[in-house]
Amino acid sequence: MARIVRVARSSSFFGYGNRFYSTSAEASHASSPSPFLHGGGARRDVAKDRNVQWVFLGCPGVGKGTYASRLSTLLGVPHIATGDLVREELASSGPLSQKLSEIVNQGKLVSDEIIVDLLSKRLEAGEAKGESGFILDGFPRTMRQAEILGDVTDIDLVVNLKLPEEVLVDKCLGRRTCSQCGKGFNIAHINLKGENGKPGISMDPLLPPPHCMSKLITRADDTEEVVKARLRIYNETSQPLEEYYRSKGKLMEFDLPGGIPESWPRLLEALRLDDYEEKQSAVA
Ligand SMILES: Nc1ncnc2c1ncn2[C@@H]1O[C@H](COP(=O)(O)OP(=O)(O)O)[C@@H](O)[C@H]1O
């Protein structure tokens with residue numbers, strides 16, 4: 001832990017040094033009339049002097065990776081998922097690999113020190129390639145991680161994606177990745193009926209094209225038992241994080257209304273990015 005503190009307090013933590021800029025969250029995130037916003041809301045002015053520094057929160061299976069990845073393409077910033085960094089480390093069979101596989105396969109969290117180290121290396125490598133800004137997915141997961149992040153940089157916006165609990169297990173169990181192209185798919189058919197005033201939710205599967213079909217793999221930690229453990233741990237640790245960002249006026253809560261076709265335009269609207277795609281192609 002001492003090492004994290006030392007690293008976090010040093011100006012080169014995350015490799016960005018003093019390239020982090022200060023921003024005023026209050027100025028850039030006024031509340032929004034969107035029916036999907038219940039918290040601080042978000043009004044996003046496209047930053048003129050630097051790229052966005054956003055965080056995506058949400059339960060396993062909610063779709064953080066999908067939406068964070070789409071936004072990263074739209075905004076030209078890296079999408080950095082700490083779960084991917086952990087899986088890369090696992091696949092590398094390096095010294096950490098055995099230790100990590102035991103933790104991950106039980107649905108438990110990797111230590112703050114290891115995860116900060118992996119993230120720090122990823123950001124340094126990105127900086128060397130000229131990357132700036134980021135959309136973090138899966139980090140922070142603990143208050144300690146949030147404090148470390150807050151010590152070294154300003155986060156502009158924290159998007160908290162939500163889906164009913166019943167849907168999350170099915171979505172995790174339906175996840176597939178093409179081992180060749182790396183694209184993610186989902187074979188689950190979700191059809192949850194509305195009750196007690198809550199709207200129903202239906203999502204079509206996101207099926208792979210024929211050339212990926214024979215190359216699909218399932219994550220080792222996407223078994224029912226491990227998914228349930230991950231959901232339990234997420235629910236235990238997420239509340240203080242949500243409170244922390246809510247109290248800073250940075251939290252935007254977003255109830256996903258369905259699958260990607262319904263949710264993506266609504267999310268862009270909530271982020272005030274609905275005309276951004278058009279503007280980008282006009283100046284290209
Ligand atoms: N910020 C983090 N802190 C601790 N452990 C993490 C973090 N991010 C990822 N992990 C580890 O990697 C695993 C997979 O992460 P991720 O792909 O984000 O899965 P999930 O679908 O559970 O959100 C987690 O179960 C955990 O063991």
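Here, every reference points to the structure presented above.
From a predicted model like this one, the values you see are computed outputs, not experimental measurements.

Peer 1: Just to check I follow, could you spell out the nonpolar core for this structure?
Peer 2: Across soluble globular proteins, you tend to see nonpolar side chains buried next to one another. Trp54, Phe56, Leu71, Leu267, Leu271 and Leu273 are the most contacted members of the largest nonpolar core, which totals 64 residues. Contact partners of Leu71, with chain neighbours within four places excluded, come to Trp54, Phe56, Ile135, Trp264, Leu267, Leu268, Leu271 and Leu273.

Peer 1: Looking at this structure, how should I read the pattern of salt bridges?
Peer 2: Should their charged atoms come close, side chains of opposite charge can pair. Under the criterion given, the structure shown has 15 salt bridges. Across the salt bridge formed by Asp156 and Arg50, the nearest N and O atoms sit 2.5 Å from each other. Separated by 106 residues along the polypeptide, Asp156 in the loop between α7 (143-152) and β4 (157-162) and Arg50 in the loop between α2 (25-28) and β1 (53-57) bring together distant segments of the chain. Residue Asp156 shares its accessibility class with Arg50, and that shared class is buried. In this structure, Glu253 and Lys162 form a salt bridge, with 3.0 Å as the shortest nitrogen-oxygen distance. Of the two residues, Glu253 sits in strand β10 (residues 251-255) while Lys162 sits in strand β4, which places them 91 residues apart along the sequence. We classify Glu253 as buried; its relative accessible area is 6%. Accessibility expressed as a relative area gives 31% for Lys162, which makes it partly exposed. Here the salt bridges do not stand alone but share partners, grouping Arg175, Arg219, Asp221, Asp222 and Arg230 into one network.

Peer 1: Is there a simple way to think about the side chain of Asp156 in this case?
Peer 2: We classify Asp156 as buried; its relative accessible area is 9%. At a separation of 2.5 Å, a polar atom in the side chain of Asp156 contacts the side chain of Arg50. Here Gln53 takes part through its backbone nitrogen, which lies 2.8 Å from a polar atom of the side chain of Asp156.

Peer 1: Sorry, what's going on with the sheet that holds β4 here?
Peer 2: Two modes of strand pairing occur in sheets, parallel and antiparallel, and in both the strands are linked by backbone hydrogen bonds. Pairing in this open sheet of five strands is parallel, and the strands run β2-β3-β1-β4-β10 from one edge to the other. In this open sheet, the two edge strands, each paired with only one partner strand, are β2 (79-81) and β10. When strand polarity is set aside, the average angle formed by the axes of neighbouring strands in this sheet is 20 degrees. Two elements, β2 and strand β3 (residues 134-137), share three bridges in a ladder whose sense is parallel. Looking at the pairing, Ile80 lines up with Leu136 of β3. Lying over the sheet, helix α3 (residues 64-75) contacts β1, β2, β3 and β4, oriented at roughly 165 degrees with respect to β1. Contacting β4 and β10, helix α11 (residues 260-270) crosses the sheet at an angle of about 155 degrees to β10.

Peer 1: Would you explain the pairing of β10 in this entry?
Peer 2: Working note: regular strand, side chains alternate between the two faces of the sheet. Along β10, four of the five residues are buried, which leaves the element largely enclosed by surrounding structure. As paired strands, β4 and β10 are joined by five bridges and run parallel to one another. In the strand pairing of β10, Val159 is matched with Met252.

Peer 1: Got a minute to help me understand the site of the ligand in this structure?
Peer 2: The environment of the ligand is formed by 19 residues, the closest being Thr82, Arg87, Lys108, Gly138 and Arg230. Separating an oxygen atom of the ligand from a backbone N or O atom of Lys108 is a distance of 2.6 Å. Note that an oxygen atom of the ligand is positioned 3.2 Å from one of the side-chain N or O atoms of Arg141. Here the element with the most residues in the shell around the ligand is helix α4 (residues 82-91); it accounts for four residues. For the shell around the ligand, the per-class residue count stands at seven nonpolar, four polar and eight charged.

How each quantity is defined
- Residues numbered from 1 in each chain as written.
- Predicted model: local features only at pLDDT ≥ 70, side-chain atom pairs only at ≥ 80, totals over all residues.
- Heavy atoms only, no water.
- Core = buried A, V, L, I, M, F, W, Y, C linked by side-chain atoms within 4.5 Å.
- Buried < 20%, exposed > 50% of the residue type's maximum accessible area, 1.4 Å probe, protein only.
- Contact = heavy atoms within 4.5 Å.
- Salt bridge = Lys/Arg side-chain N within 4 Å of Asp/Glu carboxyl O.
- Helix = DSSP H or I, 4+ residues; strand = E, 2+ residues; numbered from the N terminus.
- Polar contact = N/O pair within 3.5 Å; in protein donor to acceptor, adjacent residues only side chain to side chain.
- Pairing = 2+ DSSP bridges.
- Axes fitted to C-alpha atoms, helices over the stretch in contact; angles between N-to-C directions.
- Near = heavy atom within 4 Å.
- Nonpolar A, V, L, I, M, F, W, Y, C, P; charged D, E, K, R; others polar.

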